[in-house]
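An overview of the molecular structure
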Amino acid sequence: MLYIGLMSGTSLDGVDGALVDFSDDGSVRSLGDAYIAFPASLRADLMALQSAGQNEIEREALAANQLVRHYADCVAMLLSNAGIVADAVAAIGAHGQTIRHRPELGFTRQLNNPALLAELTGIDVIADLRSRDVAAGGQGAPLVPAFHQAIFNLPGHTRVLANIGGISNISVLHADGTVTGYDTGPGNALMDGWTLRHLGQPYDANGAWAATGNVLPALLADLLNDPYFDLPAPKSTGRDLFHADWLQGKLANHPGAQAADVQATLTQLTAASLAHAIARDGAQAETVYVCGGGAQNASLMAALAGQLPGMAVESTQALGVAPSQVEALAFAWLAWRFTQRKPGNLPAVTGAAGLRVLGALYPR
């Protein structure tokens, strides 16, 4: 019952992989993790495909092939580190790279070439994990709340899981056993883009640059004025909305803003939009557990704690799972669910018409 999960998110930084052992009762045991960073050229290609451009079909296909070769390298690293052969793995859950997410138009697009991944690894691949939920009238995102419920739920207690990748989302595991969740807004994407533009670095390591700036209250208010933040759930978003041009449109009303102050304000935007959602839907929780790259940003974690007085803010390491592994583990779990012909979505979260088995099989 060994599975591999591969996740490359909206931060566009690389692929996280997890090798997982599932028992018949659904309990999870991680056997190892790996990370492969994307080269700058691939990150640039993936970023360019986030918006319309010339020759998109060919550029998408070529970028997918590059992406999958990095996926295959991640799989090889996982197997080598664990001393396990490919034949021992039942399937790979490969999310792909989201380049468009428009559920309101009936589609979501994850760049991938699962046939090539199956060829390179000699392992069955489960891919296209969001489309069935969208076909059933759902958002196709977030999908991780079902996994969060499976491994982090504590009966009789409300827990909040906050995943901060390029985009942020929450899972609220309510004390009565119900689950709610949705994308709350920007995570690292705007901060990363601003850091790349001004420092030439892919991200603000530990939030050190943001810590040198001051939050600009008027700019923060403008950023938080976007209608998305007050939309009712179910809802999901991505770079289709929160991108560099969106930020520039807001900055046009604040000439002379210093770059470090903008970074501090973007950090506060992520914290404030998350805190608003948590206060609205998870106020009974004593602790917010953070996963994703944002858990490594001390400035962001402090800002989130400051927005949630009376709640503890910790990483999922406190629950025994490294924050960098959670999403890769989730897509291994979704692959396991597919092979068991069990649903992987939560209609209460995505808005789909019902429970659905998610994914498509590409045999080895």
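Residues numbered from 1 in each chain as written. Predicted model: local features only at pLDDT ≥ 70, side-chain atom pairs only at ≥ 80, totals over all residues. Heavy atoms only, no water.

**Focus on unusual backbone geometry**
Let me state the cut-off plainly: Every helix listed is a DSSP run of H or I at least four residues long, and every strand listed is a run of E at least two residues long, numbered separately from the N terminus. Under the scheme applied here, a residue whose accessible area is under 20% of the maximum for its type counts as buried, over 50% as exposed, and between as partly exposed, the area being computed with a 1.4 Å probe on protein chains only.
Backbone torsion omega between A141 and P142 reads -15 degrees, so that peptide bond is classified as cis. The topology assignment puts P142 in the loop between α4 (131-135) and α5 (144-152). The omega torsion of the bond from A233 to P234 falls at 5 degrees, within 30 degrees of zero and hence cis. Note on placement: P234 falls in the loop between α7 (217-223) and α8 (244-251). One non-glycine residue, R341, lies in the positive phi region at around 55 degrees. By the secondary structure assignment, R341 is in the loop between α11 (326-339) and α12 (347-350). Given the relative accessible area of 53%, R341 is considered exposed.

**Examining the packing of helix α1 (residues 40-48) against helix α2 (residues 56-82)**
Put simply, the rule is: Axes here refer to lines fitted to C-alpha atoms; in helices the fit is confined to the stretch in contact. Angles between the N-to-C directions go from 0 to 180 degrees. Here the word oblique covers every angle except those under 35 degrees (roughly parallel), over 145 (roughly antiparallel) and from 65 to 115 (roughly perpendicular). The handedness criterion is simple: a crossing whose near helix is rotated anticlockwise from the far helix by less than a right angle is left-handed, and one whose near helix is rotated clockwise is right-handed. By the convention used here, residues are in contact when the closest approach between their heavy atoms is within 4.5 Å. In this classification, Asp, Glu, Lys and Arg are treated as charged, Ala, Val, Leu, Ile, Met, Phe, Trp, Tyr, Cys and Pro as nonpolar, and every other residue, Gly included, as polar.
Between α1 and α2, the shortest axis-to-axis distance is 10 Å and the interhelical angle comes to 135 degrees. Overall, the two elements α1 and α2 adopt an arrangement that is oblique. Crossing of α1 against α2: the hand is left-handed. Along the contact surface, α1 presents L42, D45, L46 and A48, while α2 presents R59, A63, Q66, L67 and H70. A class-by-class count of the residues in the contact of α1 with α2 yields five nonpolar, two polar and two charged.

**Looking at the sheet that holds strand β7 (residues 125-127)**
This is how the line gets drawn: At least two DSSP bridges between two strands are needed for those strands to be called paired.
A sheet is described by the order of its strands in space; here six strands give the open sequence β3-β2-β1-β4-β7-β13, paired in mixed fashion. Of all the strands in the sheet, the pair left with one neighbour each is β3 (28-37) and β13 (360-362). For this sheet the average axis-to-axis angle between neighbouring strands, irrespective of direction, equals 20 degrees. As judged from the five bridges shared by strand β1 (residues 2-7) and strand β4 (residues 89-94), these two strands associate in the parallel manner. Residue pairing in the sheet places G5 in a bridge with G93 of β4. Across the sheet, α11 is in contact with β1, β2 (14-22), β3, β4, β7 and β13; its angle to β1 comes to roughly 130 degrees.

**Here we look at the pattern of salt bridges**
Close approach of charged atoms allows side chains of opposite charge to pair. So the rule is basically this: Every case where a carboxyl oxygen of Asp or Glu lies within 4 Å of a side-chain nitrogen of Lys or Arg is listed as a salt bridge.
Counted by the stated rule, this structure contains six salt bridges. Residue R102 is joined to E104 by a salt bridge in which the shortest nitrogen-to-oxygen separation is 2.3 Å. According to the relative accessible area criterion, E104 is exposed, its value standing at 53%.

**What about the domain arrangement of the chain?**
Size of an interface, as often reported, equals the accessible area lost when the parts are brought together. In plain terms, the rule: Residue ranges assigned to each domain were obtained from an automatic or database domain assignment. A 1.4 Å probe defines the accessible area here, and the buried area is the portion of it lost by two parts on being joined, summed over both.
Domain annotation of the chain identifies domain 1 (2-140 + 345-362) and domain 2 (143-319). One C-alpha centre belongs to domain 1, the other to domain 2, and the line joining them spans 23 Å. The partner domain 2 presents 20 residues to the 21 residues of domain 1 that form the contact. When the two sides are added together, the surface that domain 1 and domain 2 hide from each other amounts to roughly 1600 Å², 59% of it contributed by carbon and sulfur.

**Side note on empty space enclosed by the protein**
Our working definition: Site definitions follow a grid-based scheme: protein atoms alone, a 1 Å grid, a 1.4 Å probe that fits but cannot get out for cavities, and for pockets an open set with protein on both sides within 12 Å along at least five of seven lines, plus lining residues having an atom within 4 Å of a point. Grid points are joined across faces, edges and corners, and a volume is the space filled by probe spheres set on the points.
Scanning the entire structure with this criterion turns up one cavity of 30 Å³ or more. Taken together, Y182, T184, F229, K235, S273, H276, A277 and R280 make up the full set of residues lining the largest cavity. Of all the secondary structure elements, the ones that give two or more residues to the lining of the largest cavity are β10 (179-186) and α9 (259-281). When its residues are assigned to classes, the lining of the largest cavity shows three nonpolar, three polar and two charged.

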